[in-house]
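As a plain string of letters, each chain reads:
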Amino acid sequence: METNPKKKNSLKHVLFGSLIGTTIEFFDFYIYANAAVLVFPQLFFPSSDSTMATLESLATFSIAFLSRPLGSAFFGHYGDKIGRKFTLVAALLTMGISTVTIGFLPSYASIGVAAPLLLMLCRFGQGVGLGGEWGGAVLLAIENAPPHKRAWYGMFPQLGAPIGLLLSGGTFLLLTDSMSNEDFMDYGWRIPFIASSLLVVVGFYIRTKITETPSFENSKKEHEEVKVPFLTLVKSYKNQLIFGTFAAITTFLVFYLMTVFTLSWATSDLGIVKRDGLLIQLFSVLFFAIFIPVSAVVADKIGRRKMLIIATAAIAVFGFFFSYFLSSGNIALVTAFACIGMALMGFTYGPLGTFLSELFPTNVRYSGASLTFNLAGILGAAFAPMIAIWLAKTYDVSYVGLYLTIAAFISLVSFLVISKEEHKF
């Protein structure tokens, strides 16, 4: 009797399916980051003190990091129980609906305190969606990868971060160049939030064409699933969960210092105009994108852990040069600073998804990889822009660099002590 074997995912569907989803998710996530610096302080947090308005706006930015572990636990549970495909689609829709809604929110001048409250609710939804998206996208790639190319496959969803950032920054730059400041503040800023609905439709279509990963199918066939993946994770994989989280915090911190903090500091304290600040950011993101695949190639040759240790040590050294680059206000030095920081970000971000996923077996991998990544987001990024601005204004930008160096040291120790147990794919 003939059987109809389940259609396997093609290489094109796997890599594009993992890349398109994270690109959309990070585009949505970063247009909020840009708006939190350039728009929301004036429209949602009116204050006579511009610094306080910016800090209040950045506080809402942090909400998504606090909600991401909730998304990891929720979507991770179903990703490990019923499959990667359904969970990826649901996470994408959660993020997309939250983002589009922001584009229609009235300002503080229209509805008062309800405006920032609704903004915070939408930001919460963005965090829940991204908390479920990232882990599933990485697993879609690496659970379809040959063993000697796991870091290479795993870097495709990571590329969604620089592409999403380029799209979001480019959109804001195009809008600020093509309309007056009054029109931009009135309605122009809403366009990228609403337009993201088109990207969500594309992502939804691609995701529905993908079948389950071979690793998940084999795990189900061998009855390896657990009743509550989160409880199994906490009970049996505490070492991986705790040290995996601390290992990843530097990746988050360096990224948000290079983007949100640098953009805010350059435009508000160094006298660099908004347009030039966005151009510097967009140019530096090219270095981020270039070094993600470079790091993946190296990681497949020398090992994911060794690659991440080298990158984290380099970031620790980089922290000592913050004052040199940022205290002068020289636009060339600020640009060099952003490019070096983003290159280092590419080195650490490229293999990170593969490394975190390899810490856990298939039956808790979605929950484990997602939770370590997103818990690291709370520790490394949720309040990083606020802390960095406070350190720079209260003391000096050199203290922001010291903040990064200390975080890098914590990550280095974590990479050295984390469990080296190998798991089946």
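Quick summary incoming for the structure in this document. Treat the numbers as computed from the prediction; the structure is a model and nothing was measured.

### As for the packing of aromatic side chains
Scanning the entire structure with this criterion turns up 28 aromatic pairs. Considering the side-chain rings of Phe40 and Phe193, the 6.3 Å spacing of their centres and the 35° angle between planes classify their relative orientation as tilted. Linking Phe40 in helix H2 (residues 40-43) with Phe193 in helix H9 (residues 190-208), this pair joins segments that are 153 residues apart in sequence. Comparing Phe40 with Phe193 shows no difference in burial state: the two are buried. Summarising the aromatic geometry, the rings of Phe255 and Tyr256 are spaced 4.9 Å apart at their centres and angled 90° between planes, so their arrangement reads as edge-to-face. Residue Tyr256 is classed as buried on the basis of its relative accessible area, which comes to 3%. One residue, Arg123, lies across the ring of Tyr32, its end atom 4.2 Å from the ring centre.

### Focus on the layout of surface pockets
As a volume, the largest pocket reaches approximately 360 Å³. Looking at the largest pocket, it is lined by 16 residues, and the ones nearest its centre are Val37, Ser50, Thr54, Thr267 and Ser268. At the level of secondary structure, the elements contributing two or more residues to the lining of the largest pocket comprise helix H1 (11-38), H2, helix H3 (50-81), helix H12 (238-268) and helix H19 (384-394).

### Quick notes on helix H8 (residues 181-188)
Those residues of H8 that fall on the buried side of the exposure criterion are Phe184, Met185 and Gly188. Buried residues of H8, seen end-on, are gathered within an arc of 130° and therefore sit on one face of the element. Exposed residues pointing more than 90 degrees away from the buried face of H8 are listed as Glu182 and Asp186. On its buried face, H8 sits against H1, H2, helix H7 (150-178) and H9.

### Digging into the environment of Met185
Within the secondary structure, Met185 is located in helix H8. The class for Met185 is buried, based on a relative accessible area of 16%. In the structure, Met185 is positioned 142 residues away from Leu43 in sequence and 7.9 Å away in space, judged by C-alpha atoms. Once you skip the residues sitting within four places of it in the chain, Met185 turns out to touch Leu38, Val39, Gln42 and Leu43.

### Structural notes on the pattern of salt bridges
Under the counting rule described, the total for this entry stands at 7 salt bridges. Note that Glu358 and Arg150 form a salt bridge whose closest N and O atoms lie 3.2 Å from each other. One end of the pair, Glu358, is in the loop between helix H17 (352-357) and helix H18 (362-382); the other, Arg150, is in helix H7, and 208 residues separate them in sequence. For the pair Glu358 and Arg150, one class covers both residues: buried. Each of the salt bridges in this network shares a partner with another, and the network as a whole consists of Asp80, Arg84, Glu143 and Arg365.

### Some thoughts on the side chain of Ser264
Assignment of secondary structure puts Ser264 in helix H12. Residue Ser264 is classed as buried on the basis of its relative accessible area of 6%. Residues in contact with Ser264, not counting those within four places in the same chain, are Val37, Thr54, Asp269 and Ile389.

Procedures and definitions
- Residues numbered from 1 in each chain as written.
- Predicted model: local features only at pLDDT ≥ 70, side-chain atom pairs only at ≥ 80, totals over all residues.
- Heavy atoms only, no water.
- Phe/Tyr/Trp six-rings, centres within 6.5 Å; stacked < 30°, edge-to-face > 60°.
- Helix = DSSP H or I, 4+ residues; strand = E, 2+ residues; numbered from the N terminus.
- Buried < 20%, exposed > 50% of the residue type's maximum accessible area, 1.4 Å probe, protein only.
- Lys NZ or Arg CZ within 6 Å of the ring centre and 35° of its normal.
- 1 Å grid on protein atoms, 1.4 Å probe; cavity = no way out; pocket = protein on both sides within 12 Å on 5 of 7 lines; lining within 4 Å.
- Points joined across faces, edges and corners; volume = space filled by probe spheres on them.
- Arc of directions from axis to C-beta.
- Contact = heavy atoms within 4.5 Å.
- Salt bridge = Lys/Arg side-chain N within 4 Å of Asp/Glu carboxyl O.

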